[in-house]
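# Examination of the molecular architecture
So you can see what is in the structure, the chains are spelled out below.
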Amino acid sequence: MNLSIAYFKIREILLHPLSLVLIFFIPLGLTLIVGHLVEKGQKQLEIPIAIIDEDHSDFSRLLVERISGQAKIHLYQVSGEKAERMLLRNDVDSVFVIKKGFQKRLLTGEREQSIEVWISPFSMAEGIVREVIASETARLTSDVKAADWVVKVYKSLDIQMDSSKTWNAAYDYTDSQWEPEPLMTIQYDQLYLEESGAGKSGFGDSPYLRLWTFFTMLGCFLTSDWIVREKGVLFFRIQSTYHGLVSYLIQNTVALFLFHLFQTLLTFYIFVKTNIIQMRPELLLLMFVYLFVCLSFSIWSASFINQIGSYYIVSFLFVIIIGILGGSFFPVQEFSSTLLKLSVIFPQNLLLSSNQMNIQTPLFISGAIVLWILAIRRLWIKR
Amino acid sequence: MDTCDSEVVDKAMIQIENVSKFYGKKPSLQGVTLKIEKGEVFGVLGPNGAGKSTLLSILSAISMPASGRVEINGLDLKKQAKLVREQIGYVPQDIALWEHLTVKDNLIFWSKFSKRRVSKEELFELCRTVRLQGKWNEKVSSLSGGMKRKLNIAAALIHNPDILLMDEPTVGIDIQSKLEINQYIRDLARNGKTIVYSTHDMSEILYLCNRIGVLKSGVLQFSGTIAEAREMVKRKGFLPNSDEELIYLLLQDDSLEKPLPYF
């Protein structure tokens, strides 16, 4: 087969910066920019609080450390004066003061009023943070109580021991019971999450991969506009040539696919290097399949539309709708069982919900081939 | 009116026998029989919707006839469509060029569609013959309408076809460019190219065509020389004062039996 048309198309794309922008910047550049903004926005969703440690004891330091380790709390450990200013400026939602004698009170089994809270009229999440701190304080007091009880039992049974060592061992053992999660945690029903596999795969957790599915589909649609531009008189004339229209369509699509493939490889490399995803060849293959589906889908869509302006409008709306329903922006399938069932027909499901090649993969590949053949047929018959 | 002779002539470059084509149920061509000799410029005339473009799209192997037989340079159109395409150069009514590419790249790209390998030097020579050598590295979007038309013709000649099918190739351009293109087409015919030329322009028909064919509602009403056309209308009782009037008569939708207001 003469591939000179494909070579020429590759050269044409390389020489035209706009084509390269559409192929590389939209899927990769915009994914990184918007993904970064989304991540930044997620950080801004953390509750800012200030904490003043007046006790400077082991317990108070442990409490501060554990609160700062909470995912949705952003903690500032500051002086009393600064905390007050931050609260007045609404830089923090609330201020918690670990009062002097905190450790001593906890060791005697008293925990009431050991921590003071300052709030402003604009405090909104103080109740949630109060519960988190109360939980951590309860952990400390229950550890102390348990350790005290063990030492007391040993003594009542006249067992020889080093009180301090036994107390520490009992304390550590009790504390370890809080890992990996707090005691008496309710097992919530996570039916949708588990069925969809979103919680298990690790692929769908990253906003970057979700956004990549959206921007790649958009990039495919925008780079398939040549069909709408050329399907009139150029395709007509090409049909009168020796190599003909089918050869032209195949070679042009192959050239375009190669560029998108390179973009996907580059994206995968950057995602792995920045720890957005794990190095899994299977994921790369699924990304290639997704790309192939997107390209076939966009070519098929372009075969229906004759006006370039209409094509851009329809493409944009189409990609947004597919993006929302397919879960490119958020795990929409967790909202209802209907959306969950519906999500299997969207190509995003290949990457965001499935964690491996499954029955869907060959089905999507076959579907993409069928769409591609239908597009050629349609463009041919229209002559 | 007369219809052309359907007997087979061995030397005919294009031979069409009883060809019909339908779009849905509507006939676009009905029983057209025609032969065109090598080196001939054959003008296809007819009102809009008469079937001129359909005839050209069949001859260029873009669409196939529903019935009948077409032979191009000895090749059967239905059985050897791909080889037929290498024998013909098609110039569509609209500009079929990539506007964002240069003249050079357009010619190179079109050359990729032919079986024959064409060198850059040959393409530049072709560009020179249509007097566009000064625009070799310029984008098509920057060319005038006349220049685009010339390049549109040049793109059809890249693979040096024996037959050139031209669908109103000079529509909408200035007189100077039109004269240049017409002169070039005559030169091509003199050099042995067979040209099928569709146009509404009477002056072009008279200047270029050795013979004409008149299509009306998909039926070939007449084919022959201008002199034969004059004889035919004379037999019907009309005496046009000029060749333009003669062609006007031939193109009337009404039957020649009726007197025409023009005269």
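Residues numbered from 1 in each chain as written. Chains lettered and ligands numbered in written order. Predicted model: local features only at pLDDT ≥ 70, side-chain atom pairs only at ≥ 80, totals over all residues. Heavy atoms only, no water.

### Structural notes on the overall build of chain B
Broken down by element type, chain B carries nine helices and ten strands. In summary, chain B has a C-alpha radius of gyration of 19 Å against a globular reference of 18 Å for 263 residues, a match within 12%. Principal-axis analysis of the C-alpha atoms gives chain B an extent of 55 × 40 × 35 Å. Counting every position in chain B, which comprises 263 residues, the buried fraction comes to 54%. Contacts in chain B between residues at least 24 apart in sequence constitute 65% of all its contacts with a sequence separation of at least 6. Accessible area for chain B stands at about 11,600 Å²; split by element, carbon and sulfur atoms hold 47% of it. (Helix = DSSP H or I, 4+ residues; strand = E, 2+ residues; numbered from the N terminus. Rg over C-alpha atoms; globule rule 2.2 N^0.38 Å. Buried < 20%, exposed > 50% of the residue type's maximum accessible area, 1.4 Å probe, protein only. Contact = heavy atoms within 4.5 Å. Areas by Shrake-Rupley, 256 points an atom, 1.4 Å probe, with all protein chains shown as cover.)

### Describing the interface of chain A and chain B
Each partner contributes residues to the interface: chain A has 22 residues there, and chain B has 29 residues. Carbon and sulfur atoms supply 66% of the area that chain A and chain B bury against each other, a total of about 2,400 Å² over both sides. Considering only the side of chain A, the residues that lose the most area to chain B are Phe8, Arg237 and Tyr242 of chain A, jointly responsible for 35% of the buried surface there. Here chain A and chain B share one salt bridge between them. (Buried area = accessible area lost by both parts, 1.4 Å probe. Salt bridge = Lys/Arg side-chain N within 4 Å of Asp/Glu carboxyl O.)

### Focus: the domain arrangement of chain A
Looking at chain A, the domain boundaries give domain 1 (4–40 + 200–381) and domain 2 (46–185). Taken over C-alpha atoms, the centre of domain 1 of chain A sits 51 Å from the centre of domain 2 of chain A. (Domains from an automatic or database assignment.)

### With respect to the sheet that holds strand β7 (residues 163–167) of chain B
Backbone hydrogen bonds hold the strands of a sheet together, and the pairing may be parallel or antiparallel. All names here are of chain B. Ordered in space as β6-β7-β8-β3-β9-β10, the six strands form an open sheet in which the pairing is mixed. Every other strand in the sheet has two partners, leaving β6 (88–91) and β10 (219–224) as the edge strands with one partner each. On average, each strand axis in the sheet is tilted by 15° relative to the strand beside it, whichever way the strands run. As defined by bridge partners, strand β3 (residues 41–45) adjoins strand β9 (residues 211–216) across four bridges and the pair is classed as parallel. Bridge assignment links Gly43 to a residue of β9, and that residue is Ile212. Seen against the sheet, helix α1 (residues 52–59) touches β3, β6, β7, β8 (194–198) and β9 and runs at an angle of roughly 150° to β7. (Pairing = 2+ DSSP bridges. Axes fitted to C-alpha atoms, helices over the stretch in contact; angles between N-to-C directions.)

### Here we look at the sheet that holds strand β4 (residues 67–72) of chain B
All names here are of chain B. The strand order across the open sheet formed by four strands is β2-β1-β4-β5, and the pairing between neighbours is antiparallel. At either end of the open sheet lies a strand with only one pairing partner, and these are β2 (26–36) and β5 (75–76). Strand direction decides the pairing type here: strand β1 (residues 14–23) and β2, joined by seven bridges, are antiparallel. Bridging from a neighbouring strand, Lys21 pairs with Leu29 of β2.

### As for the UniProt feature "transmembrane region" (unreviewed entry) in chain A
Residues and elements named next belong to chain A. UniProt's entry tags residues 20–38, 209–228, 248–271, 283–305, 311–332 and 363–380 with the feature "transmembrane region" (unreviewed entry), counted in the numbering of this structure. Along residues 248–271 the backbone is 100% helical and 0% strand, and the end-to-end C-alpha distance reaches 34 Å. Secondary structure within residues 311–332 divides into 73% helix and 0% strand; the distance between the first and last C-alpha atoms comes to 27 Å. (UniProt positions renumbered as here; feature names shortened; annotations may be inferred.)

### Quick notes on the confidence of the model for chain B
Residues and elements named next belong to chain B. Looking at chain B as a whole, its pLDDT mean stands at 87, while 92% of the residues score no less than 70. Confidence drops under a pLDDT of 50 for residues 1–9, and excluding neighbours within four residues, the segment shows 24 contacts in the predicted structure. Segment residues 259–263 is flagged for pLDDT under 50; beyond a separation of four residues in sequence, or across chains, it makes seven contacts in the model. (pLDDT = per-residue confidence, 0-100.)

### Quick look at the pairing of strand β2 (residues 73–77) of chain A
In terms of strand pairing, strand β1 (residues 47–53) of chain A meets β2 of chain A through five bridges, oriented parallel. Across the sheet, residue Ala50 of chain A finds its bridge partner in β2 of chain A, namely Tyr76 of chain A.

### A word on the packing of aromatic side chains
Residue and element names in this part refer to chain A. Evaluation of the coordinates by the stated rule reveals 27 aromatic pairs over all chains. Summarising the aromatic geometry, the rings of Trp167 and Tyr171 are spaced 5.4 Å apart at their centres and angled 15° between planes, so their arrangement reads as stacked. Within this pair, Trp167 and its partner Tyr171 are both found in helix α7 (residues 163–176), separated by four residues, close to a single helical turn. On the basis of relative accessibility, which here comes to 19%, the residue Trp167 falls in the buried class. (Phe/Tyr/Trp six-rings, centres within 6.5 Å; stacked < 30°, edge-to-face > 60°.)

### A closer look at a nonpolar patch on the surface
Residues and elements named next belong to chain A. Judged by side-chain polarity, Leu18, Val21, Phe25, Ile33 and Leu37 come together as a nonpolar surface patch covering roughly 470 Å² of accessible area. Locating Val21 in the fold gives a position in helix α2 (residues 17–44). Since its relative accessible area comes to 38%, Val21 is described here as partly exposed. (Patch = residues over 30% accessible without salt bridge, like charges linked within 9 Å, V, L, I, M, F, W, Y side chains within 5 Å.)

### Structural notes on the confidence of the model for chain A
Parts of the model with low pLDDT should not have their predicted coordinates read in detail. Within chain A, residue pLDDT values average 85, and 91% of them lie at 70 or more. Residue range residues 190–202 of chain A is modelled with pLDDT below 50. Its contacts to residues more than four positions away, or to other chains, number 20 contacts.

### Thoughts on the pattern of salt bridges
Residue and element names in this part refer to chain B. Here the structure, examined in full by the defined rule, presents 22 salt bridges over all chains. Ionic pairing is found between Arg211 and Glu40, a salt bridge with its closest N-O pair at 2.3 Å. Taken together, the residues Arg211 in strand β9 and Glu40 in the loop between β2 and β3 connect sequence positions 171 residues apart. Judged by its relative accessible area of 17%, Arg211 falls in the buried class. The class of Glu40 is buried, set by a relative accessible area of 8%. Asp187 is the salt-bridge partner of Arg190, the closest N and O atoms lying 2.9 Å from each other. Linking Arg190 with Asp187, this pair stays in helix α6 (residues 175–190), spanning three residues, or about one helical turn. The class of Arg190 is exposed, set by a relative accessible area of 57%.

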